[in-house]
Amino acid sequence: MPMATLLRPATDADVSRLVTLNNASIPAVPDTPADDMVELLDASSLALVAIDPETPTDPLGFVVALEGGEDWAGENYAWFEERGLDHLYVDRIVVGEGARGRGIGKLFYDAVFDAARTAGHDVVTCEVNLDPPNPGSLRFHGRLGFEERGQQLTKGGDILVAKLAADVRNAAARPTPTPAMAGA
């Protein structure tokens, strides 16, 4: 039986591994050098890593979310801001290839929805690539209650993304992570 996966706050010591995980997931996420990852973590209101308790310094994946109303230059974040949503924006969620299928993405989103409820937000927002296609991520987000709010060409017209939002109230029935799972 596999060990339980735990979540803990991301730290500066994780940056190198997060960059490796992130850049192994291109084109689902943008290429991100270490300096940009540090900037993203610093701007975030929620930055968690998933770990195996036997190897707690080797993240299996990570999630980074930003509060609405922040001064963040990301074009995807700006799209939601321009629509005046009261939201918690998931900028990045990455699960390493060897850790997929263990429920880590769901564990991350349980923590995100819990944080959004605690902060009193209406929705959780994110985007998923349509071109290049990412059908697995679209199905996953659909199961979590995300619905498309629009589409946008990004990265100078090279990538088409679906803008997704999930109502936090409808997420209230989701189980809230226990303190041991959330690591915070």
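Everything quoted here is computed from the prediction, not taken from an experiment. (Residues numbered from 1 in each chain as written. Predicted model: local features only at pLDDT ≥ 70, side-chain atom pairs only at ≥ 80, totals over all residues. Heavy atoms only, no water.)

(A) Quick look at the overall build of the protein chain. Within the protein chain one finds 6 helices and 7 strands. Element order for the protein chain, N to C, with α for helix and β for strand: β-α-α-β-β-α-β-α-β-α-β-β-α. Projected onto the principal axes, the alpha-carbon positions of the protein chain cover approximately 40 × 35 × 30 Å. Every one of the 184 residues in the protein chain was classed for burial, and the buried ones make up 46%. Contacts spanning at least 24 positions in sequence make up 66% of the contacts within the protein chain whose residues lie at least 6 apart. Between the mean site of the 15 positive side-chain charges and the mean site of the 28 negative ones, the protein chain shows a separation of 8 Å. (Helix = DSSP H or I, 4+ residues; strand = E, 2+ residues; numbered from the N terminus. Buried < 20%, exposed > 50% of the residue type's maximum accessible area, 1.4 Å probe, protein only. Contact = heavy atoms within 4.5 Å. Lys, Arg positive; Asp, Glu negative; His and termini not counted. Charge placed at Lys NZ, Arg CZ, Asp CG, Glu CD.)

(B) Summary view of the nonpolar core. Judged by nonpolar contacts, the single largest core of 29 residues is most densely connected at F108, Y109, V112, V124 and F146. No other element matches the 8 residues that helix α4 (residues 104-119) contributes to this core. Setting aside residues up to four positions removed in sequence, F146 forms contacts with Y109, F113, V124, C126, H141, L164, A165 and A166. With 20 residues, the next largest nonpolar core counts V49, W79, F80 and Y89 among its residues. (Core = buried A, V, L, I, M, F, W, Y, C linked by side-chain atoms within 4.5 Å.)

(C) Highlighting the pattern of salt bridges. The full count for this structure, using the stated rule, is 7 salt bridges. Note that R17 is salt-bridged to D58, the shortest N-O span being 3.0 Å. Of this pair, R17 sits in helix α1 (residues 15-23) while D58 sits in the loop between β2 (46-51) and β3 (61-67), and the two are 41 residues apart along the sequence. The partly exposed category is assigned to R17, whose relative accessible area is 29%. For K106, the salt bridge identified is with D110, shortest N-O distance 2.6 Å. Of the two residues, K106 and D110 are both situated in helix α4; the distance of 4 residues between them amounts to about one turn of the helix. Judged by its relative accessible area of 8%, D110 falls in the buried class. (Salt bridge = Lys/Arg side-chain N within 4 Å of Asp/Glu carboxyl O.)

(D) Representation of the pairing of strand β6 (residues 147-154). Examined bridge by bridge, β6 and strand β7 (residues 159-167) share 7 bridges and lie antiparallel to one another. Considered in β7, the bridge of Q151 is made with A162. Joining the antiparallel neighbours β6 and β7 is a turn of 4 residues, in which K155 adopts a positive phi near 50 degrees. (Pairing = 2+ DSSP bridges.)

(E) Region of interest: the side chain of Q152. Residue position: Q152 is located in strand β6. For Q152, the side chain forms a polar contact with the side chain of K163, separated by 2.8 Å. (Polar contact = N/O pair within 3.5 Å; in protein donor to acceptor, adjacent residues only side chain to side chain.)

(F) Summary view of the sheet that holds strand β4 (residues 87-95). Taking strand neighbours across the sheet as the criterion, the 7 strands line up as β1-β2-β3-β4-β5-β7-β6 in an open arrangement whose pairing is mixed. Each edge of the sheet is formed by a strand with only one pairing partner; in this case those strands are β1 (6-9) and β6. Pairwise comparison of adjacent strand axes, ignoring direction, gives a mean angle of 30 degrees for this sheet. Of the strand pairs in this sheet, β4 and strand β5 (residues 123-131) are connected by 3 bridges, and their pairing is parallel. The residue bridging H87 from the neighbouring strand is V123, located in β5. Of the strands in this sheet, β2, β3 and β4 are in contact with α1, which crosses β3 at around 95 degrees. (Axes fitted to C-alpha atoms, helices over the stretch in contact; angles between N-to-C directions.)

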